[in-house]
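Secondary and tertiary structure notes
Each chain, letter by letter, is given below.
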Amino acid sequence: YVPKVDISRVIPDNAEAGRLAAEHLLSRGYRNLAFFQATGSYNIRIREAGFRAAALKAGANYFHWDFPAAEKRGETSWARYLETMLTTTPRPLGILAQSDNRAVQLLGMCEDLGLRVPQDLAIVGIDNNEAACELASVPITSVDIDWETLGFRGAKLLDDMLHGRRE
């Protein structure tokens, strides 16, 4: 997704996805919330902003694990970076990973470090990739972007455009 492009498109509400994840973790009593960002794409930054806003609005302690920023400061290993974040951030901790695939990688790192999920920390992903979430050693909770509905909306938009119909 490219933000300031004036074209018709159907995109997920990434800020809302971040907000929903924060509310889920807050409703389970987590007061320390972290967002794990492994890439610097616009969509991921919007997810983080929604998560951060909801966390801060609720008065939670917020931590942004921003690997792209750490890379710019000279960090070369995201595994080493994550290990540092996991061992120094206060617990109990609720973490939103930028995607389900990153959530599964985060879960693996927790297991390597002997951290218990969900006892020591909870992990939430985004995208509702059922294979990744359900087949993980500990099932991952995920915010469902509902890609199927977005696909249908995109197809309808295209059909409307091809037939000269405008919203």
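No experiment lies behind these values; they were computed from the predicted model shown.

Some remarks on the overall build of the chain
Summing up its helical and strand segments, the chain has 7 helices and 5 strands in all. When the helices and strands of the chain are listed from N to C terminus, the series reads α-β-α-β-α-α-β-α-β-α-β-α. When the backbone C-alpha atoms are referred to their principal axes, the chain occupies close to 60 × 35 × 30 Å. When the 167 residues of the chain are sorted by exposure, 41% land in the buried category. If you take every contact in the chain between residues at least 6 apart in sequence, the share linking residues at least 24 apart comes to 69%. Accessible surface for the chain amounts to roughly 9200 Å². Of this, 52% is attributable to carbon and sulfur atoms. Put simply, the chain has 19 plus and 22 minus side-chain charges, and the middle of one group is 7 Å from the middle of the other.

Some words on the sheet that holds strand E1 (residues 32-37)
With respect to topology, 5 strands assemble into an open sheet ordered E2-E1-E3-E4-E5, the strand pairing being parallel. Only two strands of the sheet have a single partner each, and these edge strands are strand E2 (61-66) and strand E5 (141-143). Averaged over all pairs of adjacent strands, the angle between their axes in this sheet comes to 25°, without regard to strand direction. Bridge count between strand E4 (residues 121-126) and E5: 3 bridges; the pairing is parallel. Residue pairing across strands places Ile126 opposite Val143, the latter belonging to E5. Across the face of the sheet, helix H4 (residues 78-88) comes into contact with E1, E2, strand E3 (93-97) and E4 while running at roughly 170° to E2. Each of E1, E2, E3, E4 and E5 is contacted by helix H5 (residues 100-113), which is oriented at about 155° to E4, the strand it contacts most.

Topic: the packing of helix H1 (residues 14-27) against helix H2 (residues 42-57)
Remark: H1 packs on H2, axes separated minimally by 7 Å, with the N-to-C direction vectors making an angle of 40°. The orientation of H1 with respect to H2, classified from their angle, is oblique. In this structure, the crossing between H1 and H2 has a hand that is right-handed. Of the residues in H2, those touching H1 at Asn14, Ala15, Gly18, Arg19, Ala21, Ala22, Leu25 and Leu26 are Asn43, Ile46, Arg47, Gly50, Phe51, Ala54 and Ala55.

Describing H1
When the terminal C-alpha atoms of H1 are compared, their 20 Å separation across 14 residues agrees well with the 20 Å that a helix rising 1.5 Å per residue should span. Of all the positions in H1, only Asn14, Ala17, Gly18, Ala21, Ala22, Leu25 and Leu26 are classed as buried. Buried positions along H1 lie against E1, H2, E3, E4 and E5. A positive phi of about 90° marks Gly29, the residue just after H1.

Observations concerning the side chain of Asp100
Within the secondary structure, Asp100 is located in helix H5. Put simply, Asp100 is tucked away with no salt bridge, and the nearest opposite charge, on Arg47, sits 7.6 Å away. A polar side-chain atom of Asp100 sits 2.7 Å from the main-chain amide nitrogen of Asn128. Look past the residues within four positions of Asp100 in its chain and what remains in contact with it is Gly125, Ile126, Asp127, Asn128, Asn129, Ala132, Cys133 and Ser142.

Let's talk about the packing of aromatic side chains
The geometry of two aromatic rings is summed up by the distance between their centres and the angle between their planes. The final tally for this structure, using the stated rule, is 4 aromatic pairs. Ring geometry for Phe36 against Trp78: centres 6.0 Å apart, planes inclined by 20°, an arrangement best described as stacked. A residue pair is termed long-range when its members are at least 10 positions apart, and Phe36 in strand E1 and Trp78 in helix H4 qualify at 42 residues. Given a relative accessible area of 29%, Trp78 falls into the partly exposed group. An aromatic cluster of at least three residues, connected via ring pairs, comprises Phe35, Phe51 and Tyr62. The residue whose ring lies beneath Arg102 is Trp78, and the NZ or CZ to ring-centre distance is 5.8 Å.

The rules we used
- Residues numbered from 1 in each chain as written.
- Predicted model: local features only at pLDDT ≥ 70, side-chain atom pairs only at ≥ 80, totals over all residues.
- Heavy atoms only, no water.
- Helix = DSSP H or I, 4+ residues; strand = E, 2+ residues; numbered from the N terminus.
- Buried < 20%, exposed > 50% of the residue type's maximum accessible area, 1.4 Å probe, protein only.
- Contact = heavy atoms within 4.5 Å.
- Areas by Shrake-Rupley, 256 points an atom, 1.4 Å probe, with all protein chains shown as cover.
- Lys, Arg positive; Asp, Glu negative; His and termini not counted.
- Charge placed at Lys NZ, Arg CZ, Asp CG, Glu CD.
- Pairing = 2+ DSSP bridges.
- Axes fitted to C-alpha atoms, helices over the stretch in contact; angles between N-to-C directions.
- Parallel < 35°, antiparallel > 145°, perpendicular 65-115°, else oblique.
- Left-handed = near helix turned anticlockwise from the far one by under 90°.
- Expected span 1.5 Å × (residues − 1).
- Salt bridge = Lys/Arg side-chain N within 4 Å of Asp/Glu carboxyl O.
- Polar contact = N/O pair within 3.5 Å; in protein donor to acceptor, adjacent residues only side chain to side chain.
- Phe/Tyr/Trp six-rings, centres within 6.5 Å; stacked < 30°, edge-to-face > 60°.
- Lys NZ or Arg CZ within 6 Å of the ring centre and 35° of its normal.

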